[in-house]
Amino acid sequence: VSKRIVQGVTRETPISIAVNDRDICAYPGESVATALLAAGITGFSRDRRGRSRGPFCNMGVCYDCLVLIEYGLEHRAEPARVRACLTRVQAGMRVRIPE
Ligand code: FES
């Protein structure tokens, strides 16, 4: 079940991104954090003690939303750890998070 607002909202055609090899639905213009949260994924990374971390500020300040983008970053050919709240989804993007 999607956690997105559905009433009174018009969206473009959905795209698919892979999170740990599982495909989830996203919409163009969404952040990776939004797509993950809408799919029910709240643990994006781990702290030094191994505790699960997820978005806190949702505006690029706390770095609690770090994810590894293996493929699909604009202007970057190599995998990179980025803030999910500031990174827009791309069709075919591959995201890796701790399981
Ligand atoms: S949620 Fe704080 S930097 Fe992304």
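Structural notes, computed from the coordinates. (Residues numbered from 1 in each chain as written. Predicted model: local features only at pLDDT ≥ 70, side-chain atom pairs only at ≥ 80, totals over all residues. Heavy atoms only, no water.)

### Observations concerning the nonpolar core
A general feature of soluble globular proteins is that nonpolar side chains tend to end up buried together. This is how the line gets drawn: To form a nonpolar core, buried Ala, Val, Leu, Ile, Met, Phe, Trp, Tyr and Cys residues must be joined to one another through side-chain atoms within 4.5 Å. Burial classes: relative accessible area under 20% of the type maximum marks a residue as buried, over 50% as exposed, and values in between as partly exposed (1.4 Å probe, protein chains only). Note on conventions: DSSP H or I runs of at least 4 residues are helices, E runs of at least 2 residues are strands, and numbering of each starts at the N terminus. Working rule for contacts: check all heavy atoms of both residues, and any pair within 4.5 Å makes them a contact.
The biggest cluster of nonpolar side chains holds 23 residues, and the ones touching the most others in it are Ile17, Val32, Leu36, Val67 and Val95. The set of elements that each furnish at least two residues to this core consists of strand 1 (15-19), strand 2 (22-26), helix 1 (32-38), strand 5 (66-71) and strand 6 (80-83). No other element matches the 4 residues that helix 1 contributes to this core. For isoleucine 17, the contacting residues outside a window of four places in its chain are Arg22, Asp23, Ile24, Ala35, Leu36, Val89, Gln90, Met93 and Val95.

### Topic: the pattern of salt bridges
The condition that has to hold: Salt bridges are counted wherever a side-chain nitrogen of Lys or Arg sits within 4 Å of a carboxyl oxygen of Asp or Glu.
Overall, the coordinates contain 6 salt bridges when judged by the stated rule. The closest approach of N and O atoms between glutamate 30 and arginine 4, which form a salt bridge, is 2.7 Å. Of the two residues, glutamate 30 is situated in the loop between strand 2 and helix 1 and arginine 4 in the segment before strand 1; the sequence distance between them amounts to 26 residues. In this structure, the salt-bridge partner of aspartate 47 is arginine 51, at a minimum N-O distance of 2.7 Å. Residue classification places arginine 51 among the partly exposed positions, given a relative accessible area of 45%. Because the salt bridges share partners, they merge into one network encompassing Asp21, Glu70, Arg94 and Arg96.

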